[in-house]
Amino acid sequence: MAADMTRTSPDAAEAPAGRSEPGSGSGSGSGGRSRRLDASGATLNVFGTGFLIVWALMVLGPVLWVILGAFKDSGEINGSAWSWPHKWSFDAFERAWNTGISTYLRDTAIVLVFSVSLTMLFGAMAAYVLARFEFRGNRFIYYLFVSGVMLPVYLALVPLFFQVSKLHMLNTYQGLVLVYVAFSMPFTVFFLHAFFRTLPSAVFEAALIDGASHTRAFFQVMLPMAKPGLISVGIFNVLGQWNQYLLPVVLMQSQHGEQAHQMLSQGLVTLMVDQGYSGDYPALFAGMTIAMLPVLVVYLSFQRQVQAGLTAGTLK
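Let me begin by describing the structure that accompanies this report. (Residues numbered from 1 in each chain as written. Predicted model: local features only at pLDDT ≥ 70, side-chain atom pairs only at ≥ 80, totals over all residues. Heavy atoms only, no water.)

Quick word on the packing of aromatic side chains
Let me state the cut-off plainly: Pairing of aromatic side chains requires ring centres within 6.5 Å, counting the rings of Phe and Tyr and the six-membered ring of Trp. Pairs whose planes differ by under 30 degrees are stacked, by over 60 edge-to-face, and all others tilted. Put simply, DSSP H or I for four residues or longer makes a helix, DSSP E for two residues or longer makes a strand, and each gets a number counted from the N terminus. Throughout this description, buried means an accessible area under 20% of the type-specific maximum (1.4 Å probe, protein chains only), exposed means over 50%, and partly exposed covers the range between.
Under the definition given, this model contains 16 aromatic pairs. Geometrically, the ring pair formed by Tyr128 and Phe196 is edge-to-face, given 5.6 Å between the ring centres and 70° between the ring planes. Highlighted residues: Tyr128 in helix α4 (residues 91–132) and Phe196 in helix α7 (residues 173–198), separated in sequence by 68 residues. Overall, the relative accessible area of 4% leaves Tyr128 in the buried class. Of the residues examined, Phe196 reaches a relative accessible area of 0% and is grouped as buried. Summarising the aromatic geometry, the rings of Phe161 and Phe162 are spaced 5.6 Å apart at their centres and angled 80° between planes, so their arrangement reads as edge-to-face. The class of Phe161 is partly exposed, set by a relative accessible area of 22%.

Focus on the nonpolar core
Our working definition: Here, nonpolar core refers to any group of buried Ala, Val, Leu, Ile, Met, Phe, Trp, Tyr and Cys residues whose side-chain atoms link them within 4.5 Å.
By size, the foremost hydrophobic cluster in this structure holds 63 residues, and its most contacted members are Ile101, Leu192, Phe196, Met222 and Leu251. No other element matches α4, which puts 16 residues into this core.

Let's talk about the pattern of salt bridges
This is how the line gets drawn: Here a salt bridge means any side-chain nitrogen of Lys or Arg lying within 4 Å of a carboxyl oxygen belonging to Asp or Glu.
Counted under the stated rule, the structure contains two salt bridges. Close ionic contact of Arg95 with Asp280 constitutes a salt bridge, the shortest N to O distance being 2.8 Å. On the criterion of sequence distance, the pair formed by Arg95 in helix α4 and Asp280 in the loop between α12 (264–278) and α13 (281–301) is long-range, its members being 185 residues apart.

Dropping the structure here:
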């Protein structure tokens, strides 16, 4: 009986020394740290979201102001900048179009069709060779291209003007196209070089085994695989050349009394001066709206491809 009375049941046994219940002791310390990390992460998310909202308002505010001003008359613009137009009218767009916006758009489109196409072709070819083939001087040529990204356009204006003048290409489409290609090549090669290095080599090697030449393998195999990167850098080139102002001002100057071509950025400045003196601010806002529409359409049409191109190198 004594032995039975002193026997201890398993349920009443003490827990081993040093072991604590969940939620007590060291467990509470780790839980506190996780809660602090969650709180700091939530604070960063709130701060980041608030910053993006403020940034979006700063960007979209002027755009909305310009678009609303294009549908108002001068009295409404001077009275209240943010009020809705009393009467939605496209008369300002017609005046801006007849003032010269149509000519500026035509000249800009002609230059961009050739400059962007040549930039993408030569840039893709150079980036592909530098990324996929090892040869003496490879890194030197690559860093030579990269150094061009750091060259401000202001430093080259004077020698560039005299060089284009010696080639008799001032106030010509081909002169501006060549300059645009030269200044867009460094960033294009830098961007596509990193993208081509992420592409798998198995498909390219299979094409060579099947008898395809390097040229055919490049155009029919590697370029389709690099489509997201090509679209991304193409959008950047379109935006940069579409908004270029300084180079057209220097290079598109009239020679021997001929009419000087004007790009869209130059035309908007001319329209601003003319309409500012005449007080026709709706026509000025309409011209700015017309200049923004093609860029917005291009970006919204290829938004997913741009995002895929920017993240492809990271995901692979």
